[in-house]
Amino acid sequence: KDTSSDNDNQQQVSIENLRHSLADNLFYITGKYTEIATLNDFYLALAYTVRDRLLPRWLNTVRTVTQLSDNTKVVSCLSSEFMVGPHLVNHLINLGIYDQVRQAVEESGLDLQKLAEQEPEPGLGNGSLGRLAACYMDSLSTLEIPAIGYGIRYEFGTFKQQIRDGWQVEITDKWLQKGNPWEIVRPESAVEVKFGGYTEGYTDEEGNYQATWVPHQVVKGIPYDTPISGYKVNTVNTLRLWKAEAPESFNFQAFNLGDYYGAVDQKVVSENITKVLYPNDEHIPGRQLRLEQQFFLASCALQDMIRWHLKSGGNLETFPDKFAVQLNDTHPAIAIVELMRLLMDEHHIQWHDAWEITQKTFSYTNHTLLPEALEKWPVNLLGRLLPRHLEIIYEINRRFLEEVRNSNGRDGHKIARLSLIDETGERYIRMANLACLGSHSINGVAELHTELLTKDTLGDFYELFPHKFSNKTNGVTPRRWLVQNNPGMTKLISEKIGEHWITHLDDLRQLEGFADDGDFRYRWGQVKLDLKRSLAGHIQQRLGVTVNPESLFDVQVKPIHEYKRQHLNILHIVTLYHRIKQDPTVNITPRTFIFAGKAAPGYFMAKLMIKLIHSVAEVINHDPDVGDRLKVVFLPDYNVLCQILYPAADLSEQISTAGKEVSGTGNMKFCLNGALTIGTWDAANIEICQEVGQENFFRFGLTADEVYQRKAEGYNPWDYYYGNSQLKEIIDLIGSGHFADEDSTLFQPLIDSLLHQDQYMLFADYQSYLDCQDSISRVWCDRDRWLKMSILNTARCGKFSSDRAIREYCDQIWHSSPVSIQLADYVQPQT
Ligand code: RUG
């Protein structure tokens, strides 16, 4: 490890140098002189200045990694989503040059924060699955593990959320509109991806059946590389995102015949593949474009890795010794079949060996327990788009089921469940089954999740291959989620325990010793209050709502979904409001309820929940009886905002129905920033509670077993409605149209779904939630106790570092170890 890298930086990155580079880049790259440059031009010039400082590390990492000997493994993350977040400040912190750059920027008459705000957030994901992949890339670099992330360069990322009249409106995310200084396009490394057509079989000279795929269409995959720096190390790994292009962008024959649209047809059709990211929770089995995206990513990534491996002198038998390929959910699972095809059809390896290589190469992370979220593709669609792959899937399945029948008997139901083909109605390919079969490792992302996976969702596979299953509880990177987002708290912590915790999060335990120190507690409280003041300013400016920074900031930030139960939170808020209306002098702990999150564009109920939040807010925020005791705000388009929301929260709402959330990572970010959690016994909440201690955690509600049991006994929401007068009054109040200008129909679909089904058991958990919230209000009034609990939450959340998770993946699944990157032959560009 090059421990002198910090010192090198200090010297190489002199303020003077930085100022010159900034001026040069403004002139030579943006082509502007200072007087006419916009803030964005200055941001671009600064980004290039920082990228220049990254390049020696990046190129040395690439060079070292591509020349690694056979026994060093490269971790390859295949993910349809990477939510890397803004790059600029992250690199400044990782390179250890934040202060110098800030000074150079100031001396140039600019403000670093304002420039940083110019950076559009690449919206290349829907939420925490993509955010997790980005945290893992950060940890891989920080731990000096050779790694590459493969994803799609969506031209339009996740939609931007606007709110009009309380309703969500989706706006196209044009994140590339003003250029992207972080990426470098590598057209020389393009690959070709085939689609459609038919297959032709023949028997080779040795009598083996072989197949050729005659595609209908060929698309070019162009890689765009983005650097992912590690914290104060030389490793800068690569995120390689693929863009689809037509091999020939312009058809002159069509043009000459006067068919002007036809002349660019291919270009349009091909480029559509990487145009747009599909929103979460969309019903996608029939969406051909989504399958095209998945296959495009899988094929580009595998061709790239194979080329790299062969070029560095390896042969394909040793491919799994060189690459550990992690499938982030089933979205890239078609890669299993594509690797089989590439090995057999293009590299002439026999089935048995190809299958062994494939299984050794892949490992699969599952991220869902919801049956409706388990991916499946109609056989017809897959066969039309990928005819050769369908043949291979059939053959994998035939061999697998034969083996099962031979060794496990002929339980028809079980065989039907294990089959890669769902034949219960229209025929589908089950991607989770394919991922289980084609991987040597399958993991869940929290202990309860893994337990439920092995018991239920993937229970049949667990029975057959128990050795493949393990748990790897998710983690988040402390660099982005504390050091970058919460400099005040970072400074306070480091003052007491040094900076080692930034890469060894367990060290935060040393803070426990300060929880009883009155002075430390006071300073901890002041840091929080400052953050809350600045969030309050933001709320005022954006929404025109005045909130009291001294009130309890009660925050629920996550995608809007019935199982995440934002509407349970609303039931609590309406209960407090109702108490005030019944007795305006009632003693209520002042609270600011903050919501943020997007609903999938086609998910009506989630959109109605957003409308409900706004309608309730409208009434409560303007009711003189309520005054400033309660305020409700919804912050639109939360991606960018999470940076200020997590640090400013006092209370983190993690209230999913037990057994429905798989892990959550927001819960970890809140805890790291000293928020206390109100949570169900679900997902990673359980592990958070175990770590911080139940006396520092507010637990309520049914367990996953109890949820299951109640449902089995015949859960009836009406029993709760009639059995709890408070609940009945609240539901009736919402149903009456009180929050909807007396329109009693507006929220009826939500009310009906609760009364008639209550799939996510809000009514069963309502009283317990309310009691828990009341006890939170009491604890809040004991400021010393609250602050102590807050400090202990931060002190004890070391387990939830993505560094810990990545170490577990490296040791137990990937068998990959650190490689130190030397900068010895590095020549600094002249500036
Ligand atoms: O909903 C889950 C979260 O609970 C989890 O923390 C995250 C990362 O593991 O993945 C989320 N998720 C699941 N996002 N998409 C899916 C289904 O594909």
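About the cut-offs
Residues numbered from 1 in each chain as written. Predicted model: local features only at pLDDT ≥ 70, side-chain atom pairs only at ≥ 80, totals over all residues. Heavy atoms only, no water. Pairing = 2+ DSSP bridges. Helix = DSSP H or I, 4+ residues; strand = E, 2+ residues; numbered from the N terminus. Contact = heavy atoms within 4.5 Å. Axes fitted to C-alpha atoms, helices over the stretch in contact; angles between N-to-C directions. Salt bridge = Lys/Arg side-chain N within 4 Å of Asp/Glu carboxyl O. Buried < 20%, exposed > 50% of the residue type's maximum accessible area, 1.4 Å probe, protein only. Near = heavy atom within 4 Å. Polar contact = N/O pair within 3.5 Å; in protein donor to acceptor, adjacent residues only side chain to side chain. Areas by Shrake-Rupley, 256 points an atom, 1.4 Å probe, with all protein chains shown as cover. Nonpolar A, V, L, I, M, F, W, Y, C, P; charged D, E, K, R; others polar.

Undergrad: Account for the sheet that holds strand E14 (residues 421-422), with residues named and values stated.
TA: Read from one edge to the other, the open sheet built from three strands follows the order E13-E15-E14, with strand pairing classed as antiparallel. Both edges of this open sheet fall to strand E13 (376-378) and E14, since each of them pairs with a single strand only. Relative to strand E15 (residues 428-430), E14 runs antiparallel, the two sharing two bridges. Within the sheet, the bridge partner assigned to Asp422 lies in E15 and is Tyr428. Relative to E15, helix H17 (residues 431-438) is tilted by about 40°, and along the sheet it contacts E13 and E15.

Undergrad: Can you lay out the pattern of salt bridges for me, pointing to particular residues and giving the numbers?
TA: Pairing between side chains of opposite charge can happen when the charged atoms of each approach one another. For the structure shown, the criterion picks out 54 salt bridges. The salt bridge partner of Lys581 is Asp623, with a shortest N-O separation of 2.7 Å. Taken together, the positions of Lys581 in helix H23 (residues 566-582) and Asp623 in the loop between helix H24 (604-621) and strand E20 (630-634) put the pair 42 residues apart, joining distant regions of the chain. A salt bridge links Lys598 to Asp637, with the shortest nitrogen-to-oxygen separation between them at 3.4 Å. Of this pair, Lys598 sits in the loop between strand E19 (591-596) and H24 while Asp637 sits in the loop between E20 and helix H25 (638-648); the two residues are 39 residues apart in sequence, bridging distant segments of the chain. No difference in accessibility class separates Lys598 from Asp637, as the two residues are buried. Here the residues in one salt-bridge network are Arg186, Asp225, Arg240, Asp304 and Arg307, joined through shared partners.

Undergrad: Lay out the sheet that holds E20 in plain terms, naming residues and giving numbers.
TA: Pairing is parallel across the open sheet formed by six strands, whose spatial order is E20-E19-E18-E21-E22-E23. The open sheet has two free edges, formed respectively by E20 and strand E23 (698-699), since each of these has just one partner strand. Across five bridges, the pairing between E19 and E20 is parallel. Along E20, the bridge assignment pairs Thr592 with Lys631. Taken strand by strand, H24 contacts E19 and E20, and its axis lies near 145° from that of E20.

Undergrad: So, the site of the ligand: which residues are in play, and what are the values?
TA: The full set close to the ligand counts 15 residues, and Asp329, His367, Asn474, Glu661 and Gly664 are the nearest of them. At 2.6 Å, a side-chain N or O of His367 approaches an oxygen atom of the ligand. Relative to its free-state accessible area of 420 Å², the ligand is covered by the protein chains to the extent of 87%. A per-class count over the shell around the ligand returns five nonpolar, eight polar and two charged.

Undergrad: Now, about the environment of Ala134: what can you tell me, with residues and values included?
TA: Mapped onto the secondary structure, Ala134 falls in helix H7 (residues 128-142). Taking the C-alpha atoms as reference points, Ala134 and Ser801, separated by 667 residues in sequence, lie 13 Å from one another.

Undergrad: How would you summarise unusual backbone geometry if you had to cite specific residues and measurements?
TA: For Asp329, which is not a glycine, the phi torsion comes out positive at approximately 70°. Mapped onto the secondary structure, Asp329 falls in the loop between strand E11 (323-328) and helix H12 (335-346).

It is worth stressing that arrangement in space is one thing and function is another; only the former is reported here.
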